[in-house]
Amino acid sequence: MTDSTATKATLQVNNPNSITTAICWCLAWGDKKQPQFPLSMLQQMRQALNEGKEVPEQVRRALPLPLASLVEQVRQLQNIDKNYFPSTLDELKSKYRELWNQTTCIGLVYGGATKIKQYVFEASKLPDIRGASALLDRINLVDLPAFFSCEQDPYYSQCQLAKDYCKQIREEWLDKAENFPQLSQALIPELVIYSTGGNILAFCPAAYVNYLANAIEKRYTEETLTANSCAVGEKFKLLEIQFGLLPDEINNETFWLDKYLNHLENPLVKAYFEQPDTSSEKAFKERKTFNELAGKLAAKFNQRRNGNQLWERERSLRCYPPMFETHPYLKRDEGDRRSAVMQAKTSPDDLNQGLPGDPWFSEATARKRLIGQIAKRDNGSKKWYAELACVWEPGEKAIESWVDKFEKFLLETKTPHRYYGKIRSENIHPSRVKEAISVREIADASTPNGFIAYIYADGNNMGGYIQTEIKNPSDYQSFSRDIFDATEKSVYAALTKHLQPHKLNSKLQAERKSTKEVWIHPFEILTIGGDDVMLIVPADKALAIAQTIGEEFEKQLLNKREDYKSDKTYNPQLVQRYHGEKTISGDKQSKLSMSTGVLITAEDTPIYYAEKLTSQLLKSAKKYAKDLKKQDYYGGTVDFLVMKAVTMISSNIAEFRSQGLNKSGQGQQKLKLYAAPYTLHELGGLLETAQALKDVEFPKSQLYQIRSLLERSKQTAILNYRYFRVRLQHGQNELQDKFERAWCEALSNSGNLAPWMTNRRTIYKNLMLLLFFETFSHEQLKLQYTVLSLLKKSDYETIWRELVDLYPFIKKSQNTSNPSQTQQQTSST
């Protein structure tokens, strides 16, 4: 859309009328590529609708009667009671005859990047990974919204920071004759339902569905050269926005509620409509909403992504990913995948020339490295890229650093003192704090040095919530924005709470060629997209950060809307294995939560390998969350692993645990030498227990010796643990409170099984008696487990191995006195 036609309407953030405006715009545009009414009239209509007012009389008089009628039809659609559902299609047709007879269709397009990890983690070095992630974010958050002139909408803050760049995209790329001329004038900001998490869902005039889908795919390919993307579109009738897919004609064969109820046992009908714990009629009604349209696009998206032929004559088949020729005798880039086109070689005569290590680049990897420099606020020379003589522009103004966003969060929440408190006490201004440029610098902030942690978090129950709670485009838009906002703020809140600027050691300072002290932000945000989070943080703070992210995410959502609160209540005595001093209730739950995988490892672990293992941990945590949902627990879960050597795992984590950390003999009880994954409450308890061991200075030799005895047998481990515990000169009470009573109480008597815990999950899974136990108190529960032990031998698990792994990463509390001194004072008294 050009400046001459740009609206002067004042758009509000989260404009409640945007969907109404979008639908009116599509209907008023018509089925042709040229609008059926003058653009000036469409803009007048748009302005009035955005302001939430009736179309002014003078404007109404100027508008043709059909255009005013379209506005009234859309208002009628939006005013349909959300609880109304027609029992027959004849009822729907007769009650909303004008809407049924509306022949103009509305376009809906869904698209985005695919195989994102393959593109981002193709390179082995952090600057290239950072650049790849930032480039995809720029396309998703700026380039695609720029098609719709979203710099006019205050919600798209990143577009507003790069207004000239957004205008340039339309004028110098989108509207070019060889691309998609006239597409931009048909698109307005209100058409975008969401554009986060690497995907975009948007309305558009029906004639431009394939144009817009092709534009999305082409933009990704031209900007990244090697990233995969996919976009699909479809045309829908007006009433389908409210009631899902509808037939063109009604006859005896038309499938609706009555026919559905008569074919409940049909496997295809079951698979399409059935939902657990939902009546048949309710399942049908929940399926026949706007979700069904989004589901149809998702199915087409998967078909096209997989290279299958779709019945669309106007679009070419997309079967092959981008490919570049290589040659055995040509130099390849650092990833050894494509032929190199340049070397960023340093020169002793010009310190601003080249890059450290004289790397070789293909054009695709050169773009990643350049974007990585920009995203990291690297003020170093980019002269090396100029030597490539490439016409591609990185869109520098459209790339916002994650640290910039973090600093804005500190100002908005008025919490800079919490994060910058340490350096302010040393009279260091926050502007001196730089971004970490390597994982070695982040590892320097850990205790002990040399270790980092990869955190990968993802939302739980998102699909289920959308299916049951999201009914229309407005709900989709609000939900998407709520999730993105909650995810981003939860990450920033966790970093603020647990980290602070770190001063680099002299060696790393020398590598930066700095004569002054260098302070850094000790974290790397690889991506925050939708409900996905990928971070690199110091190893000693990783689990605390993961716990806070999960807790803050749920807290943020509960503070936004009452709709996110779950009406389910779980029994903490049944679900939680940790029962410390802090009690929790099972009634204040969010319907949505986060599962997290955390890998603590050495700084020299290859990033692509670490990402692979972290993904496995995330998968394990999500599986645990799914299992606990059967017990009405909707909270977050965390799985973690401390890997001190790359050779520790030769296959995958599940196999490593199954074969190496599970012990059982013929006729013996199964012993699980680990307790992960954990709920967020259990993870907090684990950290408290580890802190207690550190504060009482539990002897390391005994820690490791008890761990080595776990494999022998349950009785041997218990006997040796008690032997070591009673011989402790100090800390016995703390160990009993924080470990034995909190974790290891027996379920059938008043004793404890330290260092073991009864594996409740196995009992629930095998005996399926959970619903029977929900009404019992803790004392009655112990009695019931006596019965269970007669039915089946219990399995046992322990947190001791994980305590030993975490022990080096726990700092002794500053307010804790020396236990040996306390013991001496007590003895003398």
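Remember, predicted model here, so these are calculated numbers, not experimental data. Residue positions are counted from 1 within each chain, in the order its sequence is given. Confidence filtering applies because this is a predicted model: local features only for residues at pLDDT of at least 70, side-chain atom pairs given and counted only at 80 or more, and all residues used for totals across whole chains, interfaces and linings. Derived side-chain values reflect all non-hydrogen atoms in the structure, with water molecules and hydrogen atoms excluded from consideration.

A. Representation of the overall build of the protein in the model. A run of H or I in DSSP becomes a helix once it reaches four residues, and a run of E becomes a strand once it reaches two; helices and strands are each numbered from the N terminus. A tally of helices and strands in the protein yields 37 helices and 19 strands. In this scheme, a residue with accessible area under 20% of its type's maximum is buried, one over 50% is exposed, and one in between is partly exposed, where area comes from a 1.4 Å probe on protein chains only. A burial count over the protein gives 55% of its 829 residues as buried. Pairs at least 24 apart in sequence give 73% of the contacts found in the protein among residues at least 6 apart. Working rule for contacts: check all heavy atoms of both residues, and any pair within 4.5 Å makes them a contact.

B. View of the packing of aromatic side chains. Classification of ring pairs rests on two measures: the distance between centres of Phe, Tyr or Trp rings, Trp counted by its six-membered ring, which must be within 6.5 Å, and the angle between planes, read as stacked under 30 degrees, edge-to-face over 60 and tilted in between. One pass over the full model with this rule turns up 41 aromatic pairs. For the ring pair Trp173 and Phe180, a centre distance of 6.2 Å and an interplane angle of 55° mean the geometry is tilted. Across the pair, Phe180 and Trp173 agree in class, each one buried. Ring geometry for Tyr570 and Tyr633: centres 5.1 Å apart, planes at 85°, overall edge-to-face. On the criterion of sequence distance, the pair formed by Tyr570 in the loop between helix H25 (542-560) and helix H26 (572-575) and Tyr633 in the loop between helix H27 (607-629) and strand S14 (637-643) is long-range, its members being 63 residues apart. Members of the aromatic cluster, each reached through a chain of ring pairs, are Tyr84, Phe85, Tyr96, Phe243, Phe255, Trp256, Tyr260, Tyr272, Phe273 and Phe284. Placement of a positive charge over a ring is assigned whenever Lys NZ or Arg CZ falls within 6 Å of the ring centre and within 35 degrees of the normal to the ring plane. Against the face of Tyr119 rests Lys368, its NZ or CZ located 4.3 Å from the ring centre. The side chain of Lys694 reaches across the aromatic face of Tyr807, ending 4.3 Å from its centre.

C. Main features of the packing of helix H10 (residues 163-174) against helix H11 (residues 209-224). Between the N-to-C directions of two axes lies an angle of 0 to 180 degrees, each axis being a line fitted to C-alpha atoms and, for a helix, fitted only over the stretch in contact. Contact geometry for H10 and H11: axes closest at 13 Å, N-to-C directions at 105°. When the axes of H10 and H11 are compared, the pair comes out roughly perpendicular. For the pair H10 and H11, contact is made by Tyr165, Ile169, Trp173 and Leu174 and by Ala215, Lys218, Arg219 and Glu222, respectively. Split into classes, the residues belonging to the contact of H10 with H11 amount to five nonpolar, no polar and three charged. Note on terminology: angles under 35 degrees are roughly parallel, angles over 145 are roughly antiparallel, angles of 65 to 115 are roughly perpendicular, and the others are oblique. Nonpolar residues are Ala, Val, Leu, Ile, Met, Phe, Trp, Tyr, Cys and Pro. Charged residues are Asp, Glu, Lys and Arg, and all others, Gly as well, are polar.

D. Just the sheet that holds strand S1 (residues 106-114), in detail. Taken in spatial order, the four strands of this open sheet run S2-S3-S1-S4, and their pairing is antiparallel. Each edge of the open sheet is held by one strand with a lone partner, namely strand S2 (192-194) and strand S4 (228-236). Here the average twist between neighbouring strands, direction ignored, is 20°. Across two bridges, S2 lies against strand S3 (residues 199-205) in antiparallel orientation. Counted as the bridge partner of Tyr194 is Leu201 from S3. Paired strands, in this sense, are two strands between which DSSP finds at least two bridges.

E. A look at the pattern of salt bridges. The term salt bridge refers to a pairing of a side-chain nitrogen on Lys or Arg with a carboxyl oxygen on Asp or Glu at a separation within 4 Å. Considering all chains together, one arrives at 49 salt bridges under this definition. Glu435 serves as the salt-bridge partner of Lys376, at 3.4 Å between the closest nitrogen and oxygen. Taken together, the residues span a long stretch of sequence, with Lys376 in the loop between helix H17 (363-375) and helix H18 (383-386) and Glu435 in strand S7 (residues 433-435) at a distance of 59 residues. Here the two residues Lys376 and Glu435 agree in accessibility, since each one is buried. For Asp458, the salt bridge is made with Lys622, and the minimal N-O distance between the two is 3.3 Å.

F. Region of the structure containing H17. A helix's residues, less one, multiplied by 1.5 Å, set its expected span. Along its 13 residues, H17 runs 18 Å from first to last C-alpha, staying within 8% of the 18 Å computed at 1.5 Å per residue. Burial within H17 is extensive, with twelve of its 13 residues counted as buried. Here the buried face of H17 lies against helix H7 (116-120), helix H8 (126-147), H11, strand S6 (360-361), H18 and S7. Just past H17, the residue Arg377 takes up positive phi, approximately 55°.

G. Here's a closer look at the confidence of the model for the protein. Confidence scores labelled pLDDT are given residue by residue by the predictor and lie between 0 and 100. Put simply, the protein has an average pLDDT of 86, and 89% of its residues get 70 or more. In this model, residues 1-12 is a region of pLDDT below 50 whose contacts with residues beyond four sequence positions or in other chains number 26 contacts.

H. Quick look at the sheet that holds S7. Judged by pairing direction, the sheet is mixed, and its three strands sit side by side in the order S7-S10-S9 without closing on themselves. The open sheet terminates on both sides in strands that have one partner only, identified here as S7 and strand S9 (502-503). One ladder, built from two bridges, connects S9 with strand S10 (residues 519-521); its direction is antiparallel. Residue His502 lies in a different strand from S10, and its bridge partner there is Ile520. Of the strands in this sheet, S7 and S10 touch helix H20 (residues 416-425), which is tilted by about 170° from S10.

I. Examining unusual backbone geometry more closely. Going from Thr447 to Pro448, the amide bond is cis rather than trans, its omega being 0°. Counting through the fold element by element, Pro448 comes out in the loop between helix H21 (439-443) and strand S8 (451-460). A cis amide bond, omega 10°, links Ala754 with the succeeding residue Pro755. Within the secondary structure layout, Pro755 lies in the loop between helix H32 (732-743) and strand S18 (757-758). With a phi angle near 75°, Gln182 is a residue other than glycine that sits in the positive phi range. Relative to the assigned elements, Gln182 resides in the loop between H10 and S2. Residue classification places Gln182 among the partly exposed residues on the basis of a relative accessible area of 38%. A positive phi angle is found at Asp632, which is not glycine, with a value near 70°. Among the secondary structure elements, Asp632 is positioned in the loop between H27 and S14.

J. Layout of helix H29 (residues 680-695). For H29, spanning 16 residues, the distance from its first C-alpha to its last is 23 Å, which sits close to the expected 22 Å at 1.5 Å a residue. With respect to burial, H29 is a largely interior element, 14 of its 16 residues being buried. Phi turns positive one or two residues past the end of H29, at Glu697, with a value near 55°.

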